[in-house]
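Given next are the chains, with one letter for each unit.
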Amino acid sequence: MLIPHRTSDVEETLLPPDYQRILATARQAAGPAWLGRSASLLGVDVSVRAKLEPLRGKLVRLVDRGWLRKLPDGQVATRL
């Protein structure tokens, strides 16, 4: 699955639906969020670690490609 780098000419709609949902949830959150909070906002079962790891991977991809930013304390937030 190709996740494009964020540039001025790349629309969010080019992202797969799961990634669009993660970005929408990040925008709706009241500030930066830890993985567990992000998961609970997305409806992922936080009591099962195996269900969190795919979300962690998606968050890392979004950070690496400029869609989200990672704060020094490990939380993720929308870009400024």
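Keep in mind the model is a prediction, meaning the values are calculated, not measured.

Cut-off values and rules
Residues numbered from 1 in each chain as written. Predicted model: local features only at pLDDT ≥ 70, side-chain atom pairs only at ≥ 80, totals over all residues. Heavy atoms only, no water. Helix = DSSP H or I, 4+ residues; strand = E, 2+ residues; numbered from the N terminus. Expected span 1.5 Å × (residues − 1). Buried < 20%, exposed > 50% of the residue type's maximum accessible area, 1.4 Å probe, protein only. Arc of directions from axis to C-beta. Salt bridge = Lys/Arg side-chain N within 4 Å of Asp/Glu carboxyl O.

Helix length check: helix α1 (residues 17–28) (12 residues) gives 17 Å between terminal C-alpha atoms against 16 Å at 1.5 Å per residue, within 8%. Those residues of α1 that sit buried are Tyr19, Ile22, Leu23 and Thr25. Viewed along the axis of α1, the buried residues span an arc of 160°, placing them on a single side of the element. Of the exposed residues in α1, those oriented more than 90 degrees away from the buried face are Pro17 and Gln28.

Glancing now at the pattern of salt bridges. For the structure shown, the criterion picks out 4 salt bridges. Between Glu12 and Arg27 there is a salt bridge whose closest N-O contact spans 2.2 Å. Highlighted residues: Glu12 in the segment before α1 and Arg27 in helix α1, separated in sequence by 15 residues. A salt bridge links Glu53 to Arg49; the nearest nitrogen and oxygen atoms lie 3.7 Å apart. Separated by 4 residues within a single helix, Glu53 and Arg49 lie in helix α3 (residues 49–64), roughly one turn from each other. Using a relative accessible area of 32% as the deciding quantity, one classes Glu53 as partly exposed.

Just geometry here; none of it tells us what the structure is for.
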